[in-house]
Structure formats: structure tokens, C-alpha cells
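Analysis of the macromolecular model
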Amino acid sequence: MKRLLLFIFLFSSFIVFSQQDNSAKSEFDFVMYLIGNSMKEEAVVLMQNNSEDNDSINFLRGFTYYSSKMLDLAADNFSKVSQSSELFTESRFFSSLSNAHLFHLDKAESDLNMISSQDGEINNLKNFSLAGINLLKRNYNLFDTYINSVDSNNYPLNVETARLLQLKTELLSYKKKSLFVAGALSTLVPGLGKVYAGNIGEGISSFLICGSLMGVTAENWYKKGLTNWKTILFGTISAVFYIGNIYGSVVTVKVNCENFNSRTDVQILYNIHIPLRSSFRR
Amino acid sequence: MFRFYIIFIFLCVVVSGVRSENLQPCNLNSSDSACIFKKADDLFMQQNYELAAVEYERCFYLSSSKEISYKALQQKAICFKQTGDYSKAAATLERIAEDYGDYYQIALCYYLSDNFQKSKETIEKCRLYFDTLQEDMLLLEILTLNEFNDYANAEKTAQELALRLKSSTNKDIMPYIDKLYSDLPKLKSEKTARILSFVPGLAHIYANEWGKGLTAFAINAAALGFGVWQVLDKCYITAYLGGAGLLSITYPGAMKNGVYEVRKYNYRKTLQFNQKFKQELIPLLPLR
């Protein structure tokens, strides 16, 4: 009799848990359907109203936020997926990517280091992602170490690996312009600092504006004297433009350097993102 | 002890049964639509339209019945309308548009979301798919044509609507329509404004913006005057760079701004007319 009772009990428990699994799976599929059909806002609403706290839902919530570019929430939810879950590896990869987009690079690296797998493809992907993160950190030694660990015969990663290596070459060959030289050149000839920074058109325009104002000041000084109101007015305007142009040249060099770095970072992130999405078919 | 076991197992079965009911409320292919939409309808009743819209989408996603899919998206569109997101409502209805009523709702939602081009396109599509437009669609077409300042066609459609209403309800709105369209907004020509703007400020005055016109004229006159004065003063570089340089900035600016002011004037007048049209004519119409 006891055995019969135990059997009935186990059977009932099985039914309850299998229904929970089915529910999680159907929710998973539905959210993926919403994301895949450009209904990300709806997916976010659904996830915000889902108070369940289990691995599937946390992953789903993380992926929904990740797809909607709510990266801090995405990283937070991905990190809640427990190590025993089959979604753990994928969660860590996406958590790392979310943190990398937020430039929390140490967190991104530690997310990847938590992945331990015997699967060669996963290890390849891990090394590739770590190489990308270290390139974002501009840590070229570690980048080389990780990128050399990526199996060169791995087809999906071949293209992106080559691209990361090319980006590294571009970063190393980028000659950082000196702020001091830009300022000094603009002091000598207005606009020359901007030409040095690579903005030739802007440099010529600055030269013409400052030159014209100085020409007007010189004419009035020559014809009307130093104390004439026109000399003082145009002289003041010329001085403002002249000093502004020196400052502008310094800022241009700084901004160009920042733009180069951020453009490269965007490309690195894009190259990390592609194999991740294709590997997990998301 | 035995009794305890029996009660425990009974509770387990009851819980699993309840869960089963919650997880899979009913057969989604069944004809019992009240059962299928229960969760979404409950949320709708609680005015939680955002979540209700998602649940109606779930009904659409899970259903393989055309009837249920159609109803689900219609309900979803209503949720978006309740939240004032008319463009999403229109996009949702476009996924299932079948009959005349759907097309009317799509055109209306686009109109309400200020997407007059899409509204016009939907009405034109409707003209192709269905032989005649009903009165509500005619009214929408008039409103849309008014937004495009296409008053000639809007008046023609309004007359068609008036004739239809006269024969169906015996209500004559033709005098109101004639009165409204005899008092059309007098719009200014952008072409004229462009020509007038060669004299700085004149296009502004044409657009009834006297203050801005006089200011634009004064600034340009000052720049020109300064240049002339410097020539007379034999300061040629100052004349060229100070006078002409300044004028090269202020003159084209005044020209552009003059045309912009005319465009703004026309927009205001159109808006006034369209508001008046809506306020005076719509209450007279015996439409649903």
C-alpha cells in the first residue's frame, strides 16, 4: 500500500513540474516571437510584469532588455542565472557583452572567466570574446594571448578574428596628434592647427575668418590710428577669434582622437556581437 | 497515517489541476472565445491596456484559428487606442485588415496619429477594394484632404456626403458645406514670397509679420549702410569684409526666413479652417 501511495505522490509531482517546464518553454518561445517580430516594447512590458524568479525567466528578462538596449538591466538579469542552469553559459556571454557595451570592462571579463566548459566551440568563443574585451581595454598583450588561442579553423570566427586583428593594427598605427603642436601651429598661423588635426576645410575657413578680421583691424589702425573706435572694435573681435581658434584647434585634436577611439570601439563590439548571436542562434 | 497520505495526495492532485487550468486555460482552437481571451479580457477590464495588448498578441500567437487571431488583433488594436498609441493600433489592424470596417479603423488611426499621408493611402486603397465609400469614410477623406489643403477635392467629397445623407436621413447639410467652403482660408503664395524676399523684410510683411519684416530690413540696411560708409571713408577692406561680409550672412538669412514665415502663416490659417470645419460640421452629421 505504501508503495502505491508513493507512486501516486511521485506521479502527481511529475505532472506539476512538467507543467512548470512547459509553461517556461511556452513563455520563452512567445517572448522570442515578440522580439523577432519587432515587438520589443511588448516583450519588455511582459517581462516587467512577470514576477517569477527562476533561471529561464531571468535569462528571458535579460535577453528582452538586451534586445531593447536596456543594457544595465540586461546584465543584471543575466547575472542572476544560476550555474546549474543550462542557460548559464549563454547568460554569461550576453552579460559580458552587455557590460562591454556599458564599458564595464572588468565586469565583462569576469563574466567570461566564470564560464568553464569542455566544449571546444564554447572555449573558442570565450577566448575570442576575451580578446575583444582586451582590445577595448587596449591591452594588446592579453589580446594577442587570447586571439592566438582561438582555433583558426573555426569557420564562423575566422572573419571576425581577422577583423579584430585588423582593428588592432589600425589602433597601433594611429598616430595620436599632439595638443601642444596643434595649439602652437594655430598661434603661428590661424587655422594651421586644424589642418594638422586633419580638418583641412575647417582650417582654411578659420584662416580666412581670422585673416579678414585682422586685415580690417590693420586697415583701420593704419588709416585711423590705434585709438579709433573701429580699430578697437575689430581688434577685439579679431583677438577673440584668434584665441578661440587656438582653443578650437586643441579641442579638434582631442575630439578627433576620441572619435577614432569610439568608432573603433563600436566596431570591436559589433565584431564580438556577431559570432555570439550566430552561435546561440538568437 | 494512511488518511494523512490520502489527503496529501489529494491536495497534490488538486494543486496540479489548478496549475494546469492556469497554464493552459482552454483549447485555443476551440470556439469558446470567452475562455481563450479570459486573461487578456481581465487585464482589459482592469484598464491595464499595455499588458492586455501583449496577452491579446499571445492569443494571436497561440491560435491556429483565423477567427480567434482576427479577434485577438482587433482587441489588441483597441488596447493601443485606449493608450493613445494610434500608429501602433493602425499597424496592428493592418496585419488582419479584411473588411471595410477594418480599413476605416486603419485610416482613422493614421489620421489621429497625424499620419495624413498613410490615412489618404488607406482611403484610396478602400476606394479600389470596395465599390462605394460609406459616409464615415467620406468624412475622414474630407478631413484628410483638408489637411493637405486640397480644398477643391475636399469640397467635392463633402458634396457627395451631403447628397448621400440627404437621401438616407433626409438631413440637408449642403448649405453648411457651401458656407464653409465659400470661406476658404486665403493662403499666401510661397512663390510670391520668394520674389518679394529679394527686398529684405518684404516677404515677412506679406506674411503679416510687420515687426520681423522691419527688423530684417533694418539689419540689412545697416550692413549695407556700413559698407557704403566705409567705401566713402576709403576703408575698402573694412567695406568689403565688414559691410559685404555681414550682408552675405544677413541677406540670404532674411530671404529664407521670409519664405518660412509665409509657410507658418499658411499652416496657421489651414489649422484654423480645419478646426472650424470639425467644430461646425461634425456635430451635424448623423454618423456612428
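Residues numbered from 1 in each chain as written. Chains lettered and ligands numbered in written order. Predicted model: local features only at pLDDT ≥ 70, side-chain atom pairs only at ≥ 80, totals over all residues. Heavy atoms only, no water.

1. Things to note about the overall build of chain B
- Looking only at helices and strands, one finds 15 helices and zero strands in chain B.
- Buried residues in chain B amount to 38% of all 288 residues.
- Intrachain contacts of chain B at a sequence separation of at least 6 include 56% that bridge at least 24 residues.
- Surface accessibility of chain B: about 16,200 Å² in total, with carbon and sulfur atoms responsible for 59%. (Helix = DSSP H or I, 4+ residues; strand = E, 2+ residues; numbered from the N terminus. Buried < 20%, exposed > 50% of the residue type's maximum accessible area, 1.4 Å probe, protein only. Contact = heavy atoms within 4.5 Å. Areas by Shrake-Rupley, 256 points an atom, 1.4 Å probe, with all protein chains shown as cover.)

2. Observations concerning the domain arrangement of chain B
Residues and elements named next belong to chain B.
- Assigned domains of chain B: these are domain 1 (111–179) and domain 2 (190–278).
- Here domain 1 and domain 2 have C-alpha centroids that lie 40 Å from each other.
- Each partner contributes to the interface: domain 1 provides seven residues, whereas domain 2 provides five residues.
- Between domain 1 and domain 2, roughly 550 Å² of surface is buried when both sides are summed, and carbon and sulfur atoms account for 58% of that area.
- Counting across the interface, domain 1 meets domain 2 through zero salt bridges.
- Inspection of the region where domain 1 meets domain 2 yields two residue pairs in polar contact (both at pLDDT 80 or more).
- Looking at the side of domain 1 that touches domain 2, the element that brings in the most residues is helix 9 (residues 135–147), giving four residues. (Domains from an automatic or database assignment. Buried area = accessible area lost by both parts, 1.4 Å probe. Salt bridge = Lys/Arg side-chain N within 4 Å of Asp/Glu carboxyl O. Polar contact = N/O pair within 3.5 Å; in protein donor to acceptor, adjacent residues only side chain to side chain.)

3. Quick word on the confidence of the model for chain A
- Mean pLDDT over chain A: 88, with 91% of residues reaching 70 or higher.
- When pLDDT is averaged over each helix and strand of chain A, the minimum, 67, is found for helix 1 (residues 2–36) of chain A and the maximum, 95, for helix 10 (residues 179–188) of chain A. (pLDDT = per-residue confidence, 0-100.)

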